[in-house]
Amino acid sequence: MSHDRSTCLFCKIADGEIPSTRVYEDDEFVAFRDIRPAAETHVLVIPRQHIATLADCAESDAPLLGRMLVLVGRIAKDLGVSYTGGDTGYRTVVNTGPGGGQEVYHLHAHLLAGPRPWQRMG
Ligand code: AMP
Ligand code: ZN
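The rules behind the values
- Residues numbered from 1 in each chain as written.
- Chains lettered and ligands numbered in written order.
- Predicted model: local features only at pLDDT ≥ 70, side-chain atom pairs only at ≥ 80, totals over all residues.
- Heavy atoms only, no water.
- Donors = N, O, S within 2.8 Å, 3.2 Å for Na, K, Ca; no water.
- Tetrahedral: all angles 85-135°; square planar, octahedral: opposite > 155°, others 65-115°.
- Buried < 20%, exposed > 50% of the residue type's maximum accessible area, 1.4 Å probe, protein only.
- 1 Å grid on protein atoms, 1.4 Å probe; cavity = no way out; pocket = protein on both sides within 12 Å on 5 of 7 lines; lining within 4 Å.
- Points joined across faces, edges and corners; volume = space filled by probe spheres on them.
- Helix = DSSP H or I, 4+ residues; strand = E, 2+ residues; numbered from the N terminus.
- Nonpolar A, V, L, I, M, F, W, Y, C, P; charged D, E, K, R; others polar.
- Polar contact = N/O pair within 3.5 Å; in protein donor to acceptor, adjacent residues only side chain to side chain.
- Near = heavy atom within 4 Å.
- Areas by Shrake-Rupley, 256 points an atom, 1.4 Å probe, with all protein chains shown as cover.
- Sits in = over half its atoms within 2 Å of the grid points.

Caption draft 1: Region of interest: the coordination of the zinc ion (ligand 2). Bound to the zinc ion (ligand 2) on the protein side are Cys8 (SG), Cys11 (SG), His50 (ND1) and His106 (ND1), at distances that span 2.0 to 2.3 Å. Taken together, the four donor atoms coordinating the zinc ion (ligand 2) span angles of 104 to 116° at the metal, a pattern that classifies the geometry as tetrahedral. Sequence spacing of the donor residues for the zinc ion (ligand 2), all on one chain, is C-x2-C-x38-H-x55-H. Judged on exposure class, the residue Cys8 and its partner Cys11 are both buried.

Caption draft 2: Region of the structure containing the layout of surface pockets. For the largest pocket, the calculated volume is near 550 Å³. Taken together, 27 residues line the largest pocket, and the ones lying closest to its centre are Asp34, Ile35, Arg36, Leu44 and Glu103. Contributions of two or more residues to the lining of the largest pocket are made by helix H1 (9-15), strand S2 (29-33) and strand S3 (41-47). Sorting elements by how many residues they give to the lining of the largest pocket places H1 first, with three residues. Tallied by class, the residues present in the lining of the largest pocket amount to 12 nonpolar, 10 polar and five charged.

Caption draft 3: Main features of the environment of Asn95. Inspection of the secondary structure puts Asn95 in the loop between strand S4 (91-93) and strand S5 (109-113). Along the chain, Asn95 and Gly114 lie 19 residues apart, while their C-alpha atoms are 20 Å from each other.

Caption draft 4: Focus on the side chain of His50. Turning to its location among the elements, His50 is positioned in the loop between S3 and helix H2 (62-78). A polar atom in the side chain of His50 sits 3.4 Å from the side chain of His106.

Caption draft 5: Geometry of the site of ligand 1. Around ligand 1 sit 16 residues in total, of which Asp34, Asn95, Glu103, His108 and His110 are the nearest. In the model, an oxygen atom of ligand 1 is placed 2.9 Å from a nitrogen or oxygen of the Asn95 side chain. Here ligand 1, which alone exposes 500 Å², has 89% of that area covered by the protein. With respect to the detected pockets, ligand 1 is housed in the largest pocket. Among the secondary structure elements, those contributing two or more residues to the shell around ligand 1 are H1 and S2. Of the residues contributing to the shell around ligand 1, the split by class is seven nonpolar, five polar and four charged.

What follows is the structure in structure tokens.
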């Protein structure tokens, strides 16, 4: 576990120093497959900017957080797991701090979808 950007796993993934299976990237965000998927589709969406937790976010981060959430929806569509009626849909989770089960201290949203059962997270 790291709270420091110089040793942060997800900063290294965003920079390409550690390999990942990317499903999306732009100037602001990177999305990649979780290495221990809890569901058939399990993607992590991260800002390139190092923000340790949701609890570190301020009002000034609202535009970034908004774009991140909209991006989760776009990636869900791109991966064919969006909500289109019936039994379809996906889960979006942001674990925050040890009490929330956060393991990697770089802000990320989990996108989970697929047939049940899913593995337990955290
Ligand atoms: P959290 O518990 O919310 O901090 O989630 C961290 C997630 O990162 C877990 O679901 C891990 O399986 C995932 N993870 C850890 N290392 C890697 C990695 N190198 N590549 C992809 N996902 C990872
Ligand atoms: Zn980081």
